[in-house]
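# Summary of structural features
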Amino acid sequence: MLIKIELVLDREYFGEKIKALSISDDVIHARSSTMITEENDGFHVYIEASDTVAMRASLGAFARSLILSQRMFEEVK
């Protein structure tokens, strides 16, 4: 059984940050996978994991990447 989560992020606010992460957007690990797509209503982040521990790790890794991207844009400006 796979655990699946879909996050929808606002295009205007997250646009630059998600594009900065796009070099690693389709990531597949042994117990989880992450995919980011751009749709009309924003960016869709799909995370699938084989168990709750893998899901928690994937969500944490994605959140850390997004936070680092945000900090990068704040410090560069």
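Structural notes, computed from the coordinates. (Residues numbered from 1 in each chain as written. Predicted model: local features only at pLDDT ≥ 70, side-chain atom pairs only at ≥ 80, totals over all residues. Heavy atoms only, no water.)

### A few points about the environment of Glu-12
So the rule is basically this: Secondary structure elements are taken from DSSP: a helix is a run of H or I of four residues or more, a strand is a run of E of two residues or more, and numbering for both begins at the N terminus. Exposed residues in this analysis have more than 50% of their type's maximum accessible area, buried residues have under 20%, and partly exposed residues fall in between, with area computed by a 1.4 Å probe over protein chains only.
With respect to the helices and strands, the residue Glu-12 is situated in helix H1 (residues 11-21). Under the relative-accessibility criterion, Glu-12 is labelled exposed at 77%. For Glu-12 and Phe-43, which are 31 residues apart along the polypeptide, the C-alpha to C-alpha distance reads 9.9 Å.

### Topic: the nonpolar core
Note the threshold: To qualify as a nonpolar core, a set must consist of buried Ala, Val, Leu, Ile, Met, Phe, Trp, Tyr and Cys residues joined through side-chain atoms within 4.5 Å.
Counting residues in each nonpolar core, the largest one holds 13 residues, and the members touching the most others are Leu-9, Ile-18, Ile-36, Val-45, Phe-62 and Leu-66. Put simply, the parts of the chain that give this core at least two residues each are H1, strand E4 (42-49) and helix H2 (52-76).

### A few points about H1
We count it as follows: Note on definitions: a residue-residue contact is assigned when non-hydrogen atoms from the two residues lie within 4.5 Å. Within 3.5 Å is the distance limit for a polar contact, defined as a pair of N or O atoms, with the added protein rule that one can donate a hydrogen and the other accept it, and that residues adjacent in sequence qualify only through two side-chain atoms.
Among all positions in H1, only Phe-14, Gly-15, Lys-17, Ile-18 and Leu-21 are buried. Of the surrounding secondary structure, the elements contacted by the buried residues of H1 are strand E1 (3-9), strand E3 (32-39), E4 and H2. The N-capping residue of H1, defined by a side-chain oxygen 3.3 Å from the backbone nitrogen of Glu-12, is Asp-10.

### Focus: the side chain of Ser-32
Mapped onto the elements, Ser-32 comes out in strand E3. For Ser-32, a relative accessible area of 10% corresponds to the buried category. Side-chain polar atoms of Ser-32 contact the side chain of Ser-58, separated by 2.8 Å.

### Examining the packing of aromatic side chains
The test is simple: Side-chain rings of Phe, Tyr and Trp, where Trp is taken by its six-membered ring, are said to pair if the distance between their centres is within 6.5 Å; with planes under 30 degrees apart they count as stacked, over 60 as edge-to-face, and otherwise as tilted. Two conditions define a charge located above a ring, namely a distance within 6 Å from the ring centre to NZ of Lys or CZ of Arg, and an angle within 35 degrees of the ring normal.
For the structure on display, the rule yields one aromatic pair. Geometrically, the ring pair formed by Tyr-13 and Phe-14 is edge-to-face, given 4.8 Å between the ring centres and 85° between the ring planes. Residue class for Tyr-13 comes out partly exposed when judged on its relative accessible area of 48%. Here the basic side chain of Lys-17 rests over the ring of Tyr-13, its NZ or CZ set 4.5 Å away from the ring centre.

### Some remarks on the packing of H1 against H2
Threshold: Simply put, an axis is a line fit to the C-alpha atoms, just over the touching stretch for a helix, and the angle between two N-to-C directions goes from 0 to 180 degrees. Angles below 35 degrees are treated as roughly parallel, those above 145 as roughly antiparallel, those between 65 and 115 as roughly perpendicular, and all remaining angles as oblique. Less than a right angle of anticlockwise turn of the near helix away from the far helix marks a crossing as left-handed, whereas a clockwise turn marks it as right-handed. Ten residue types, Ala, Val, Leu, Ile, Met, Phe, Trp, Tyr, Cys and Pro, are classed as nonpolar, four, Asp, Glu, Lys and Arg, as charged, and the remainder, Gly among them, as polar.
The interhelical angle for the contact between H1 and H2, taken along N-to-C directions, is 110°, at an axis separation of 9 Å. Judged by the angle between their axes, H1 and H2 are roughly perpendicular. In this structure, the crossing between H1 and H2 has a hand that is right-handed. Taken together, the residues of H2 that come into contact with H1 (itself represented by Tyr-13, Phe-14, Glu-16, Lys-17, Ile-18, Ala-20 and Leu-21) are Phe-62, Ser-65, Leu-66, Ser-69, Gln-70, Met-72 and Phe-73. Residues of the contact of H1 with H2, tallied by class, amount to nine nonpolar, three polar and two charged.

### With respect to the side chain of Ser-58
Relative to the elements of secondary structure, Ser-58 occurs in helix H2. Take Ser-58: its relative accessible area is 8%, and that puts it in the buried class. When residues no more than four places from it in sequence are discounted, the contact partners of Ser-58 are Ser-32 and Ile-47.

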